[in-house]
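Chains, contacts and geometry: an overview
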Amino acid sequence: MKTGLVLEGGALRTIFSSGVCDAFLDAGLPLPDYTVGVSAGIAYGVSYLSRQSRRNLKLVTTYANDRRYMGWRNFADPRNRSYFGLKFAYETIPNELLPFDYDTFEAYPGTVEAVVTNLNTGRADYLPVPRRDGHNLLLQATCAIPLMFPVIHLDGQPYLDGGCADPIPWKHAFDMGCDRVVVILTRERDYRKEPDRTIRVLSRAFRKYPAFLETMRRRAELYNASREELFALEKAGKVLVIAPEDTLGCSRTEKDMEVIRALWQIGYFAGRRSANEVRAFWTADF
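This is a predicted model, so every value here is computed, not measured. (Residues numbered from 1 in each chain as written. Predicted model: local features only at pLDDT ≥ 70, side-chain atom pairs only at ≥ 80, totals over all residues. Heavy atoms only, no water.)

Regular strands place side chains that alternate from one sheet face to the opposite one. Sheet analysis places strand β3 (residues 111-118) next to strand β4 (residues 124-128), joined by 5 bridges and oriented antiparallel. Paired with Thr117 across the strands is Ala124, a residue of β4. Adjacent in sequence and paired antiparallel, β3 and β4 are bridged by 5 residues, among which Gly122 carries a positive phi angle near 75°. (Pairing = 2+ DSSP bridges. Helix = DSSP H or I, 4+ residues; strand = E, 2+ residues; numbered from the N terminus.)

Quick look at the structure:
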């Protein structure tokens, strides 16, 4: 029996998932054998695996309105070229201001992967998250929203946000041998993704990556189909899905602290309500 946790992305909207995971820590749930996440899902998720309850809430409420963390002025820096301050967000904060517990993360006995989208192939790659990387380059790549981040190169390959190719990697969790999979979504159950309105801009910006552009054209269709399959598996009792009842209109770059705190709280209470069910699902002999 192998347990798995799948974390959808959504930038700052992923504070919902942090609330769920913080409730899991408070309830003393065992950590899963395998964890895979997309974008902020895994960037925040590593704090769950390092058992740093409420670290993400403190990070977002402290720095979301800090221009060094995110804001259009960061694009003016030729060494950055991103809406987010990459060095500040991925190095200064975890290594100095709000220390990430690398020791506990390194001691996590399970497997942890981040999803990235390979621009050459247009497909998702699933890469192991390094246990000690002061630059957090893979986490930058999985969070690299097209047009808002530069292309991140890893081992000579160009990557962007994993959510482009596989926004909810539950199928990959089963491919990795998991048979008890919990999926935390960051959109309401009745949400449906619409076709990307920036496709024309993307077509110009990424014209040398035709496979990636085809993925972006089909992104909404594939996302909606993946969710329908997931909910069907849930009805069959093969996965547990936790989703927000209301995301309160929280955007990917939300700066309203009341909205952020409220969405974390929605996640926390969702995690508390589901904790016993998750414990039984992950530990019971079927």
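With that settled, the discussion passes to the packing of aromatic side chains. Enumeration according to the criterion identifies 14 aromatic pairs in this entry. Seen from their ring centres, Tyr83 and Phe84 are 5.4 Å apart, and the 75° between their planes marks the pair as edge-to-face. Here Tyr83 falls in the buried class, since its relative accessible area comes to 5%. A ring pair is formed by Trp264 and Tyr268, whose centres lie 5.1 Å apart and whose planes are at 20°; its orientation type is stacked. With Trp264 and Tyr268 both in helix α11 (residues 257-283) and 4 residues apart, the pair spans about one turn of that helix. Residue class for Tyr268 comes out buried when judged on its relative accessible area of 12%. Each residue in the set Tyr69, Trp72, Phe75, Tyr83, Phe84 and Phe149 is aromatic and connected to the rest through ring pairs, giving one cluster. The ring centre of Phe105 lies 5.0 Å from the NZ or CZ of Arg131, which sits over that ring. Just above the ring of Tyr223 sits the side chain of Lys193; from NZ or CZ to the centre is 5.0 Å. (Phe/Tyr/Trp six-rings, centres within 6.5 Å; stacked < 30°, edge-to-face > 60°. Buried < 20%, exposed > 50% of the residue type's maximum accessible area, 1.4 Å probe, protein only. Lys NZ or Arg CZ within 6 Å of the ring centre and 35° of its normal.)

Further remarks concern helix α4 (residues 86-97). Quick reminder: α-helices carry 3.6 residues per turn. Residues three or four places apart thus point the same way. Taking 1.5 Å per residue as the helical rise, α4 with its 12 residues ought to reach 16 Å, whereas the 15 Å between its terminal C-alpha atoms falls clearly short. Within the span of α4, buried status applies to Leu86, Phe88, Ala89, Tyr90, Glu91, Thr92, Ile93 and Pro94. At its buried positions, α4 is contacted by α3 (55-63), α5 (102-107) and α6 (137-142). (Expected span 1.5 Å × (residues − 1). Contact = heavy atoms within 4.5 Å.)

So, on to the packing of α3 against α11. The axes of two packed helices give the description: the angle between them and the distance between them. At their nearest, the axes of α3 and α11 sit 10 Å apart, and the two run at 170° to each other. For the element pair α3 / α11, the angle class is roughly antiparallel. Residues Leu57, Val60 and Thr61 of α3 form the contact with α11, whose participating residues are Met257, Ile260, Arg261 and Trp264. (Axes fitted to C-alpha atoms, helices over the stretch in contact; angles between N-to-C directions. Parallel < 35°, antiparallel > 145°, perpendicular 65-115°, else oblique.)

Turning our attention to the pattern of salt bridges. The final tally for this structure, using the stated rule, is 12 salt bridges. One salt bridge in this structure joins Glu106 and Arg132, with 2.9 Å as the shortest N-O distance. Linking Glu106 in helix α5 with Arg132 in the loop between β4 and α6, this pair joins segments that are 26 residues apart in sequence. By relative accessible area, Glu106 is classed as partly exposed at 42%. A residue is classified by how much of its surface remains accessible, and Arg132, at 47% relative accessible area, is partly exposed. Among the ionic contacts, a cluster of salt bridges with common partners joins Asp103, Glu106 and Arg132. (Salt bridge = Lys/Arg side-chain N within 4 Å of Asp/Glu carboxyl O.)

All right, on to helix α1 (residues 15-26) then. Taking 1.5 Å as the rise per residue, α1 with 12 residues should run 16 Å; its terminal C-alpha atoms sit 16 Å apart, in good agreement. Burial analysis of α1 places 11 of its 12 residues in the buried class, which makes it a mostly covered element. All of the buried residues along α1 are Ile15, Phe16, Ser17, Ser18, Gly19, Val20, Cys21, Asp22, Ala23, Phe24 and Leu25. Residues of α1 that are buried make contact with β1 (3-7), α2 (40-49), α3, β7 (180-184), β8 (239-242) and α11. Looking one or two residues beyond α1, the residue adopting positive phi is Gly28, at roughly 70°.

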